[in-house]
Each structure stands twice: as structure tokens, then as C-alpha cells.
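Here is what each chain is made of, one letter per residue.
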Amino acid sequence: IDQEASGIVLCAKSKQTEIDIKYLFENRQIEKTYFAFVKGKVSKTLVIDEPLLRQKHHHTNIRTIVIVDKKGKPSKTTV
């Protein structure tokens, strides 16, 4: 789960499995899927394909914010 998201926690039954899972995440070999419960209806597919950049934020309760910026990492969301 990304830092800004909350949800399921993944646990390993052995140390080697933990190492293997961490390797897969670090090398982006695991595809994450997020589900949301929403009210209303989406009438057509919407694709958001924008680079996201994480920045430190000065507010005491928020450590980082994520903004759309051409210097950011590639990010694609399909709704």
C-alpha cells in the first residue's frame, strides 16, 4: 500500500517469503489494484495519465503532498 493510502497489510509466513515479496515490490513486479466505493455512475471510461511528484509540506499534520508535475513519476489511473 502506498504511503498515502490505507488498507490491507501483507504478511509473510517465512523470512525468505518476506525477502521475495519486498524484492517484487521494489522492482515493480507486483501490480497494485485499488477499489473505491462511490455514489453515482460513471458513464464512460476515464483515463488519467499524469506524472506525480511528492513534495514536503510545511503543515504540522501533513508530511508530504502529491502534485501533478512534469518532473514526477509516471502515474496512470483508469476509472
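Everything discussed here concerns the structure shown above.
First things first, this report covers the structure right here in the doc.

Some words on unusual backbone geometry
Inference 1: Not every positive phi belongs to a glycine, and R28 is a case in point at roughly 55 degrees.
Inference 2: Position of R28 relative to the elements: it lies in the loop between α1 (15-26) and β1 (47-49).

Side note on the pattern of salt bridges
Inference 1: Under the defined criterion, the tally for this structure stands at two salt bridges.
Inference 2: In this structure, K15 engages E18 in a salt bridge whose closest nitrogen and oxygen atoms are separated by 3.4 Å. In this pair, K15 and E18 both sit in helix α1, three residues apart, roughly one turn of the helix.
Inference 3: Judged by relative accessible area, K15 falls into the exposed class, the value being 56%.
Inference 4: On the basis of relative accessibility, which here comes to 26%, the residue E18 falls in the partly exposed class.
Inference 5: One salt bridge in this structure joins K22 and E18, with 2.8 Å as the shortest N-O distance. Of this pair, K22 and E18 both sit in helix α1, four residues apart, roughly one helical turn.

The rules we used
The written sequence of each chain sets the order in which its residues are numbered from 1. This being a predicted model, a pLDDT of at least 70 is required before a residue's local features are given, and a value of 80 or more before pairs of side-chain atoms are given or counted; all residues contribute to the totals for chains, interfaces and linings. Excluding hydrogens and water, the side-chain values take into account all heavy atoms of the structure. By definition, any uninterrupted DSSP run of H or I lasting at least four residues is a helix, any uninterrupted run of E lasting at least two residues is a strand, and each is numbered from the N terminus. We define a salt bridge as a side-chain nitrogen of Lys or Arg found within 4 Å of a carboxyl oxygen belonging to Asp or Glu. Each residue is placed in one exposure class: buried if its accessible area under a 1.4 Å probe, protein chains only, is under 20% of its type's maximum, exposed if it is over 50%, and partly exposed if it falls in between.

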